[in-house]
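Overview (structure and organization)
Here are the chains, one letter per residue:
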Amino acid sequence: MASLASARWLRVSRGLCVPLTARWTGPCGRSPSSRFYSGSAAVPKVEGADIAGTEEVVIPKKKTWDKVAVLQALASTVHRDTTAAPYAFQDDPYLIPTSSVESHSFLLAKKSGENAAKFIINSYPKYFQKDIAEPHIPCLMPEYFEPQIEEISEAALQERIKLKKVKASVDIFDQLLQAGTTVSLETTNSLLDLLCYYGNQEPSTNYNFQQQEQSEELEEAAEEGDHVKSKKAAGHQLRVIWRAKNHAERIFALMPEKNAHSYCTMIRGMVKHRAHTQALSLYTELLNNRLRADVHTFNSLIEATALVVNEKFEEKWNNILDLLKQMVAQNVKPNLQTFNTILKCLRRFYAFGKLPALQTFREMKAVGIEPSLATYHYIIQLFYQHESPSKGSSLIIYDIMDEIMGKKFSPQDPDDDMFFQSAMRVCSSLRDLELAYQVHGLLNTGDNRKFIGPDPRRNFYYSKFFSLLCLMEQIDVTLKWYKDLIPSVFFPHSQTLIDLLQALDVANRLEMIPQIWKDSKEYGHTYRSDLKEEILMLMARDQHPPELQAAFADCAADIKSTYESQDARQTAPEWPASSLNYIAILFLRAGRTQEAWKMLGLFRKHNKIPRNELLNEFMDSAKASSSPAQAIEVVNLANSFSLPICEGLTQRLIADFSLSQEQKEALGDLTTMTSDSDSDSDSNISEGK
Amino acid sequence: MFPRVSAVLPFRPLSRLPLCSAGPEAAAATVVPLASPHGTVRTKSNIQRYFGTNSVIYSKKGDKSVANCEISKETENQQSIKENKKKDLVNIIKGMKVELSTVNVQTTKPPNRGQLRSLEAAIGRLQKSPKDAPQKSKSLSPELVAAAAAVADSFPFDKQTTKSELLRQLRQHEEDWKAQKDGEKPKISFSNIISDMKVARSSTVRASTRPVHQIQFDEGADDFVDREKTADLRKSFRKNIYKGKRLNIFELKAVTEEAPETEAAPSLWDVEFAKQLAAVTEQPFENGFEEMIQWTKEGKLWEFPINNEAGFKA
């Protein structure tokens, strides 16, 4: 400001003070003449601005960056590498998993290592006290799980509640009561919370990944099999059941005054541990005491109403509607969980639940609650319960996808990660590729890929997607997806590879088969006999140009060696007859006659019957190489198996080959034997009929 | 049958329904409109069902022209029947009247069936009380026989044939009645009623889903041809998920207005729920930068750009 005033003054007395004005222009870096024109025009009062200039320089506000902003920017530049293993597996190259089983055990091993380290640190905290990190890193220091306060007081009770020690808390509570001190309502309520949430048992410490695994298996069994039954059957092992007269009930009964929170937490605990009728009766008690339940309690009550046994679907639905009306009467606002719980319970009502589900969904939209992915998941499950679309399936999936295309979701419900799996299952059963592309597009929108769920679900999703591609898409596009997805996103099952082979067959691209076989070996399917048979069958079905035939023969030799190594490992060797046939044919067609003739020996060894075409081809090959000994070998083989074709072969042998005398005599014996055995076999057949 | 018909007498001047279809059900049916003049359509259909079944039963009688006359004749013979029986019948029919008026209230299956059963029981009692043998024997009660004989006598026609005809009709009627009482009759009538009612009630369900079910497009067969068709079909059936009736329980403003709630500290339930939610979107890291982001959030890694004074002024 002072500089401005002085500048003006200097301008006025221009003639005298040119050097001074020149001095003043120094820091601004502008010619003095321009300033004179502006005179005493209004000058923007921004710090450091050009004093008399017409241009305004606006200094922007200082930006504050998130602490992870730089890293996020860097992460956005990195895309998935389709030729590399996923980042989580990159450790020692020898240990990089190559099949889904290996990847599962890899991740488990990693996680269990972390848990073991944490366990050691927390068990022996006195050895891990040295802290050299600046600034201090709290999460690397040992955690204290032992309560510090020893005397019997409310503070001790609160500490134990915080440390989630169920038994210790109950003991201290009892001691406090015996000593006559009253425990405050809040503390009692938090004790009730602890007891009700964990069902009067200690929270398990290995909670994290084993629990999740078991619930995964449960859900998969429930998805594929019968919903209600498998959940009930398997749920008994996992879930804690609310026993009568447990600590929670006892303490609840001892409380001199109970507020709404006490009732609510008891109700929620009972429903969580499957004591539905008790929860409902406790709710009536709450109403009798003129208390008001909160929205979470109502959500639990809705679940309890739907799970009560021995009631019809209509009655249960009417009860649920009653509960909702009571919510309105008590001025309790519903939330997303309310509607999601209703939809989840309607799933159990099978066909009856369809109309109520639609009504619930419309209500939710009308009230302004935005549905989450879990909502759509429940609706899909309800409307597409059976696999077969033959009964005229609903068009709801199309409406849903039209609605949510392009939306980015955030986690709002624990079941949000089940949507993509069920959507892809429906696409697969409807055989709709466009819809599958839409679903996949939604998955890649924004951050939605986080909702794909844990490993088994991700594998299911991609397996179904890829099988649908094999079925419906053109082969070039399918192969592009193959290179993109496998193995960087998921490891294929043998069934997926068989689907791919069939797609190649349909598109007449059988030359890719040796490549697929090599890939199959990498993904751990070396010893899958159905896959190998499929490969061999496709290769051996038709005649092919020579190079391709040679490639096929190499592939067949490789497969043969896998069978042999399998033999070496097992005591009972198991070569399927069809494989032997195909391998032999492929060798013959490629001109590898030596190995082909060795195959004949294998037939005898494993006691498998060669097919007629194979024997004819062998005769052709013997004729081509003009070796009657080989031809005789063929006939002997046919004879030893008492095949009906033996006659024809013998005649052909006599006709086409020039035989020496002993050979003819041997053949003569053979023919008599064969005629005898033929007649025997004929009579056997006639008797058998 | 005759005792039942006697019950019709006191109500006859008030009945609105034609007497040619007289019978216990008719008695009950005539009673019902009296008891509830605002009879709903459903009960009327109830009655009509009764009439329907009645016509089955009484068709044999209705063929005969004597049927109509015979009732009036029968009324003259009522004097011969004991007084207490008449009183019993009157009481029972009064009871039937009361029970049937509750049929109007609900149209669900069980009460109706209960009502019909009580009706049947009453009728069965009526039927059985004059009879001595409750089995399905062909014996008729002596009063009935006597009444039939009296009727036959009063006719100018051939008495023997008339009497035998009447007795035969009676026997057949009783057999039919018994068979249908024990058999399927109530279920048939009520299941017809109920199924009709159910169709009317849930027609919205059928209407909304029938067009959907009718679109039996098989995606497996011919995709490209059907695709445009299904797209058009979809547009024309847009009402599936977004249009249509809702529950009408909650109001928009009631939900969106912020009720002043006391914010308690998050309880164990809330904390655990938040943890579960966070676990939903847990995925293994896609690249090293994501791992570093996670470490930065946990506090294990310095922030970028490096701030040399991080953690000094806590």
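Please read all numbers here as calculations on a predicted model, not as lab measurements. (Residues numbered from 1 in each chain as written. Chains lettered and ligands numbered in written order. Predicted model: local features only at pLDDT ≥ 70, side-chain atom pairs only at ≥ 80, totals over all residues. Heavy atoms only, no water.)

As for a nonpolar patch on the surface
Residues and elements named next belong to chain A.
- Judged by side-chain polarity, Phe-119, Ile-120, Tyr-124, Tyr-127 and Phe-128 come together as a nonpolar surface patch covering roughly 570 Å² of accessible area.
- Position of Tyr-127 among the secondary structure elements: in the loop between helix H5 (100-123) and helix H6 (154-162).
- Given the relative accessible area of 60%, Tyr-127 is considered exposed. (Patch = residues over 30% accessible without salt bridge, like charges linked within 9 Å, V, L, I, M, F, W, Y side chains within 5 Å. Areas by Shrake-Rupley, 256 points an atom, 1.4 Å probe, with all protein chains shown as cover. Salt bridge = Lys/Arg side-chain N within 4 Å of Asp/Glu carboxyl O. Helix = DSSP H or I, 4+ residues; strand = E, 2+ residues; numbered from the N terminus. Buried < 20%, exposed > 50% of the residue type's maximum accessible area, 1.4 Å probe, protein only.)

A look at helix H29 (residues 593-606) of chain A
Residue and element names in this part refer to chain A.
- For H29, built from 14 residues, the straight-helix expectation of 20 Å at 1.5 Å per residue is met to within 8% by its first-to-last C-alpha distance of 20 Å.
- Where the residues of H29 are buried, they touch helix H27 (546-569), helix H28 (577-589), helix H30 (612-624) and helix H31 (628-640).
- Phi turns positive one or two residues past the end of H29, at Asn-607, with a value near 60 degrees. (Expected span 1.5 Å × (residues − 1). Contact = heavy atoms within 4.5 Å.)

Some details on the UniProt feature "repeat: PPR" (unreviewed entry) in chain A
- Per the UniProt record, "repeat: PPR" (unreviewed entry) is found at residues 335-371 of chain A.
- Helix and strand shares over residues 335-371 of chain A are 68% and 0% respectively, and the end C-alpha atoms of the span are 10 Å apart. (UniProt positions renumbered as here; feature names shortened; annotations may be inferred.)

Concerning the nonpolar core
- Formed by 173 residues in total, the largest nonpolar core has its most connected members in A:Phe419, A:Phe420 and A:Phe466.
- Those residues in contact with A:Phe466, other than ones at most four positions away along the chain, are A:Thr478, A:Trp481, A:Tyr482, A:Leu485, A:Ile486, A:Phe490, A:Thr496 and A:Leu500. (Core = buried A, V, L, I, M, F, W, Y, C linked by side-chain atoms within 4.5 Å.)

Re the interface of chain B and chain A
- Residue-level contacts link 65 residues of chain B with 79 residues of chain A.
- Both faces considered, chain B and chain A share a buried interface measuring about 6,600 Å² in area, 64% of it formed by carbon and sulfur atoms.
- Linking chain B to chain A there are six residue pairs in polar contact (both at pLDDT 80 or more).
- Secondary-structure elements contributing two or more residues to the side of chain B that touches chain A are helix H10 (203-214), helix H11 (223-236), helix H12 (252-256), helix H13 (268-280) and helix H14 (288-298) of chain B.
- Classifying every residue of the side of chain B that touches chain A gives 27 nonpolar, 16 polar and 22 charged. (Buried area = accessible area lost by both parts, 1.4 Å probe. Polar contact = N/O pair within 3.5 Å; in protein donor to acceptor, adjacent residues only side chain to side chain. Nonpolar A, V, L, I, M, F, W, Y, C, P; charged D, E, K, R; others polar.)

Let's talk about the side chain of B:Ser267
- Among the secondary structure elements, B:Ser267 is positioned in the loop between H12 and H13.
- According to the relative accessible area criterion, B:Ser267 is buried, its value standing at 12%.
- In this structure, B:Ser267 is in contact with A:Asp193 and A:His261, ignoring residues within four places of it in sequence.

What about the packing of aromatic side chains?
All names here are of chain A.
- Considering all chains together, one arrives at 22 aromatic pairs over all chains under this definition.
- Where Tyr-437 meets Phe-465, the ring centres are 6.3 Å apart and the plane angle is 85 degrees; that geometry is what we call edge-to-face. A residue pair is termed long-range when its members are at least 10 positions apart, and Tyr-437 in helix H21 (residues 433-443) and Phe-465 in helix H22 (residues 455-472) qualify at 28 residues.
- The exposure class assigned to Tyr-437 is partly exposed, which follows from its relative accessible area of 25%.
- Overall, Phe-465 belongs to the buried group, its relative accessible area being 0%. (Phe/Tyr/Trp six-rings, centres within 6.5 Å; stacked < 30°, edge-to-face > 60°.)

Description of helix H12 (residues 260-272) of chain A
- Taking 1.5 Å per residue as the helical rise, H12(A) with its 13 residues ought to reach 18 Å, and the 18 Å between its terminal C-alpha atoms agrees with that figure.
- Burial analysis of H12(A) places 11 of its 13 residues in the buried class, the great majority of the element.
- Three or more residues of H12(A) are buried, namely A:Ala260, A:Ser262, A:Tyr263, A:Cys264, A:Thr265, A:Met266, A:Ile267, A:Arg268, A:Gly269, A:Met270 and A:Val271.
- Those residues of H12(A) that are buried lie in contact with helix H8 (185-198), helix H11 (247-254), helix H13 (276-288) and helix H14 (295-307) of chain A together with H13 of chain B.
- Count one or two residues on from H12(A) and you reach A:Arg274, which has phi positive near 65 degrees.

Quick word on the environment of A:Asp519
- Here A:Asp519 shows up in helix H25 (residues 513-522).
- A:Asp519 sits 32 residues away from A:Pro487 along the chain, and the two C-alpha atoms are 9.4 Å apart.

Topic: the packing of H25(A) against helix H26 (residues 529-540) of chain A
Residues and elements named next belong to chain A.
- One way to put it is that H25 packs onto H26 with a least axis distance of 11 Å and a crossing angle of 170 degrees. As the angle between them shows, H25 and H26 are arranged roughly antiparallel. Touching Ile-513, Trp-517 and Ser-520 of H25 are Leu-531, Lys-532, Ile-535, Leu-538 and Met-539, all from H26.
- Split by residue class, the contact of H25 with H26 holds six nonpolar, one polar and one charged. (Axes fitted to C-alpha atoms, helices over the stretch in contact; angles between N-to-C directions. Parallel < 35°, antiparallel > 145°, perpendicular 65-115°, else oblique.)

Notes on the pattern of salt bridges
Residue and element names in this part refer to chain A.
- All chains considered together, the criterion is met by 23 salt bridges over all chains.
- One salt bridge connects Glu-403 with Lys-365, and the closest N-O pair in it is separated by 3.0 Å. Taken as a pair, Glu-403 in helix H19 (residues 396-404) and Lys-365 in helix H17 (residues 354-367) lie far apart in primary sequence, 38 residues in all.
- In this structure, Arg-458 engages Asp-455 in a salt bridge whose closest nitrogen and oxygen atoms are separated by 2.6 Å. Note that Arg-458 and Asp-455 are positioned in helix H22 at a spacing of three residues, about one turn of the helix.
- With relative accessibility at 18%, the residue Asp-455 sits in the buried group.
- A cluster of three or more residues bridged by salt bridges with shared partners is formed by Lys-365, Glu-370, Glu-403 and Lys-407.

A look at the confidence of the model for chain B
Residue and element names in this part refer to chain B.
- A residue-level look at chain B finds 29% of positions with pLDDT of 70 or above and a mean pLDDT of 58.
- Mean pLDDT in chain B bottoms out at H10, which sits at 40, and peaks at H14, which reaches 93.
- In this model, residues 98-114 is a region of pLDDT below 50 whose contacts with residues beyond four sequence positions or in other chains number 28 contacts.
- Here residues 128-138 scores under 50 on pLDDT; set against residues more than four positions off or in separate chains, the count is 17 contacts.
- Here the complex is predicted with pTM 0.67, and the ipTM for its interfaces comes to 0.76. (pLDDT = per-residue confidence, 0-100.)

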